[in-house]
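Reading the structure
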Amino acid sequence: MCILFFGLVYFASAELGHALSLPGPFASIWPPSGLYIAGLLLSEQRRWPLLVAAALVANAASGVLLHGQWLPISLGFWLSGTAEALAGTFLIRRFSGLSVTISSLRNVLAITVFSALFSAALGSTLATSVITVTSKEVLWVPVWQTWWLADALGMLIVAPLVLVVATDKQILLRMASVRRSRLFEVITLGSTFVAAAQLLFGSDEPYHRAFLLLPFRLWATLRFEIPGTIIANFVLAMIIVINTLRGDGPFAAFPVIAERTLIMQAFLYLSSVFFLVLAALLRERRQAAKIVQDREQRLRLAMEVSATGLLDWNINTGVMTWSPECYLIFGLRKEEFDGTAAGLDRLLQQEDRSRVWAAVHTAIEQRTKYECEFRIIRPDGNFRWVVNLGRAVYDKQGQAQQIIGTLTDITESKRAEDRMRLLGEVAGVLLSTDDLDAMLHSLLARIGPTLSVDAYFNYMVEDTGDTLRLMSYAGISQETASSITRLEFGQDLCGTVALRRQPLVIPYLQQVDHPKAQWARAAGLRVYTAYPLLSGDLLLGTLAFSSRSVDQFDSEELAILQAITQYVIVFCERLRLLHKVQETARRKDEFLATLAHELRNPLVPVRNAVQLLNMKAPSIKELRWATDVIDRQVQQMARLIDDLMDVSRINSNKLELRKERIELTRVIEGALDTSRPLIQQRGHELIVTLPPELIILDADLTRLAQVFLNLLNNAAKYMDSGGRIDLHAEQQGNEVVVSVKDTGIGIAADQLPSLFELFSQVEGSLSRSQGGLGIGLALVKQMVEMHGGSITVFSEGLGKGSEFVARLPIVIEQQNTPYTSADNKAMPSSKLRVLVVDDNFDAASSMAMLVEMMGNDVRMAHDGEKAVAAAKEFRPHAMLLDIGLPKMNGYDVARTIRQESWGKSIFLIAVTGWGQEDDKRKSREAGFDLHMIKPVDPLALMELLASLPST
């Protein structure tokens, strides 16, 4: 019956969605998406196939039978909706656990973020793909946007309504039993809200007047929390969509259907999310305030029932009168106190007497109130703390005649202070280490003397989820601990706590024949209390405390132990999150290392091929130009891959420069090579003026090229087509001044000072499709200053273009030490036997050809086993050995060769895409002489081989 009911409701909601759709493939809101995900959340997983089947039948009945959809298209829509609902359900349950109520901020965020954002995007992608495949006239992006928001609105508006009705019985009861005055408020709010919404969206009112509904929605949220918000969201959505379909309201003013739908949906989406989150926050805050209020009421009640006695002391006669409560405080019968100040003095601890009477006499002299604390020992031997507050009464002559005061037993508050101090010390212990066992041992050392705790037992849930393992303990023998190392849920004391997820307290353990505490009795334990370690709905383990010196823990001691347990839960959760973060960081590092390795591999044959072309045909001008361009871009790509391995450098705002002597023209050409396609695409005129003299910089080629690339790209992007860009460089003293000037949008005077700040953007640039994130110019400034230079910007105002001027120091020693480009170096030669090993055939072949052109005898191998065999036969002078090889990796190959007598003299060079410090350490330990990162500089490799002996 439930499945049939779900199918009928799904069919009705689908018809409602069709009725609320605008012309064309532009659905305004799709209720089935919210109903679908709510149904899955409310059902057991074994019933999901039935719900999916019911959705299939209802979807086909609505789409195919009533609206003439082609059956394959209807099936595609059903598949997209099913994938969307399953993904949203999975994400919501992972985030909020098994709870499906709309009663907390966590659950509201789960629906608004995971379902209405991520899963709706998945469903719209699949559905839009179905539409665009079957109809080439449909534009993908507009359909995707409206479909996504339609599904998201269905989840935001329908799903919360279904979940509240199905799960929050208390809310429904409160709504049904509303008082007459509250009923009037509900009617008034509902009618005025509907009337105002209809007035605003049923006429041609300007769009901004929709915010006049804000007081009504705030009223609904503040007074009726989540139910009021959900109902208001639903009513407003119906009014807006229906009026828009009729051609009324501010959204109907947009002539383009896609634009009209998108703006209407965005308004409903953002406002619904805002008020849902606000309602959840208010509910949690009110619940927290209620908890605080309840605690305050209990505290006031405790203060009212606390026993405080009255004291009346006649100073002249020395007679002291007590109320009955004072006798209870001191543990005396009335005849046991002689009613004098001397009698009271005898009851005080000797160390406190002089201090107490000094406070009394000082207050009499200064006509002030006095307060003094002192210790007493009752006749039964109990130690107590007492506070005495009082004031003197004076006659007309100003002589003290009487002391009126109170006596209060503050032993418990003193103990509370000590225990609060203890909790503070416990908090310090929790922060002192990340080792759970060491923390718990330190914890026992702190709480043991105060709470008489002699033993503790900490179990953690194993991966199976239904067993516990003893992770830390103290106070019992190792033999006893070995007998309770592993517990099933329900077994023994802590197993029972884990199964029930409730605390367990067993006082007078030696006198109680508890069926699950035989080992505890045998160990001499007299009291046992255990608590579940619960983080939300997740059971982490259990924590138990025990004592051999007392038979029970009083209520305050139990409260402290429970508070300590909460501290331990926070500690365990912090450890769990820390391990998760560490694991995530480890996986990220592995991913980056693998990505860098895989990106470097294709660069190796490219760079080797470039070097071979340079060596084979150096006289062909066009070919030489092409190889120079390829070589520069390959080097820059390799440098950027290296940067990928140091993401923290960017996060910590630290950039590392790799400086070398380079020509200014190389820097400019590198930037122009990359920016020229964009400049040509935008139809701009580019004028480049470089100085005739040779300018040498001590700089990082990639970073400095990035500076000018950023400036050129900004000029091209923020300028209408057909503009002009002037790049001018000239030497001024010991500096070179490079300016990039454009005829673009310009910069307002008030924005110039903050232009180089992080996330700063020029006003109006966001209207352009290529607006950035506001970090480019901040990086430009940082990189220029790291090179010892400076950068400034000039603009005469909006629409009048802008000019960026960078000043960089030049190397003045070039007059005495002429600069020689690396491209002019002669190719070194050598006569070596070289074995090249790489499973990438292109990389191995190109490297072999390059090394062979130096005059070396070269052989190749493509896996680890063949590399060892070839080395044994060929006896090379040097090996260029990749690490990631099949059959045997490069490390194992190196170790195997080094174990042979003939392999100890081979110069082993690791040529690999793995370039982290740990990879370099592993290569050294395996026996490599050198670790080179792909793509290797061919000239550097040639020089290295030329330096090796041939014997």
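Residues numbered from 1 in each chain as written. Predicted model: local features only at pLDDT ≥ 70, side-chain atom pairs only at ≥ 80, totals over all residues. Heavy atoms only, no water.

**With respect to the overall build of the chain**
For the chain, the count of helices and strands is 29 helices and 23 strands. Going through the 951 residues of the chain one by one, you find that 47% of them count as buried. Carbon and sulfur atoms form 58% of the exposed surface of the chain, whose accessible area is close to 47,600 Å². (Helix = DSSP H or I, 4+ residues; strand = E, 2+ residues; numbered from the N terminus. Buried < 20%, exposed > 50% of the residue type's maximum accessible area, 1.4 Å probe, protein only. Areas by Shrake-Rupley, 256 points an atom, 1.4 Å probe, with all protein chains shown as cover.)

**Looking at unusual backbone geometry**
Across residues other than glycine, the phi torsion is negative in most instances, and most of the peptide bonds are trans. In the Ramachandran plot, R501 falls in the positive-phi region, its phi being about 60° despite a non-glycine side chain. Topologically, R501 is positioned in the loop between α17 (492–500) and β9 (504–506).

**A closer look at the sheet that holds β9**
Pairing between the strands of a sheet comes from backbone hydrogen bonds, and it takes one of two forms, parallel or antiparallel. In spatial order, the strands read β8-β7-β6-β11-β10-β9; together these six strands make up an open sheet with antiparallel pairing. Where the open sheet ends on each side, the last strands, each with one partner, are β8 (486–488) and β9. Direction aside, the axes of adjacent strands within the sheet are offset by 20° on average. Sheet topology note: the strand β6 (residues 455–461)/strand β7 (residues 467–474) ladder contains six bridges and is antiparallel. Opposite V461, over in β7, you have L468 as the bridge partner. Helix-sheet contacts for α17 involve β6, β7, β8, β9, β10 (527–535) and β11 (538–547), and the interaxial angle to β10 is about 35°. (Pairing = 2+ DSSP bridges. Axes fitted to C-alpha atoms, helices over the stretch in contact; angles between N-to-C directions. Contact = heavy atoms within 4.5 Å.)

**Some words on the nonpolar core**
Among the nonpolar cores identified, the biggest contains 54 residues, and I102, F201, L236, I240, L268 and Y269 are the most heavily contacted of them. Among the elements of the structure, α2 (31–42), α5 (105–134), α6 (140–167), α8 (180–201), α9 (214–245) and α10 (257–305) are those that each provide at least two residues to this core. Listed in part, the 41 residues of the second largest apolar core include L697, A699, I725 and L777. (Core = buried A, V, L, I, M, F, W, Y, C linked by side-chain atoms within 4.5 Å.)

**Looking at the sheet that holds strand β13 (residues 685–689)**
Read across the sheet, five strands follow the order β13-β15-β16-β18-β17 without closing on themselves; strand pairing throughout is mixed. Where the open sheet ends on each side, the last strands, each with one partner, are β13 and β17 (790–794). Taken over all neighbouring pairs, the strand axes of this sheet differ in orientation by 10° on average, direction set aside. Sheet analysis places β13 next to strand β15 (residues 724–732), joined by five bridges and oriented parallel. Its bridge partner being in β15, E685 is matched across the sheet by R724. Helix α22 (residues 664–681) contacts β13, β15 and β16 (735–742) of the sheet and is inclined by roughly 175° relative to β13.

**Section: α17**
The element α17 is largely enclosed, with a buried count of seven among its nine residues. When we look at burial in α17, the residues that qualify are D492, L493, C494, G495, T496, V497 and A498. Positive backbone phi, approximately 60°, marks R501, located one or two places after α17.

**Notes on the pairing of strand β21 (residues 878–881)**
Neither face of β21 is left uncovered, since the one carrying A878 and L880 and the one carrying M879 and L881 both have all their residues buried. One ladder, built from four bridges, connects strand β19 (residues 833–837) with β21; its direction is parallel. By the bridge assignment for β21, V836 is matched with L880. With four bridges joining them, β21 and strand β22 (residues 907–912) adopt parallel strand pairing. Along β22, the bridge assignment pairs L880 with I909. Since β21 and β22 lie parallel, the crossover through helix α27 (residues 890–899) that links them has a hand, and here it is right-handed. (Right-handed = clockwise from strand over helix to strand, strands pointing away.)

**Let's talk about the pairing of strand β20 (residues 857–861)**
Note: β19 against β20, five bridges, orientation parallel. If you follow R833 over to β20, its bridge partner there is D857.

**Focus on the confidence of the model for the chain**
Residues with a pLDDT of 70 or more make up 83% of the chain, whose mean pLDDT is 80. A low-confidence stretch, residues 646–652 stays under pLDDT 50, and its non-local contacts, those more than four residues away or across chains, total six contacts. In the predicted structure, residues 814–825 sits below a pLDDT of 50 and forms 13 contacts with residues beyond four places in sequence or in another chain. (pLDDT = per-residue confidence, 0-100.)

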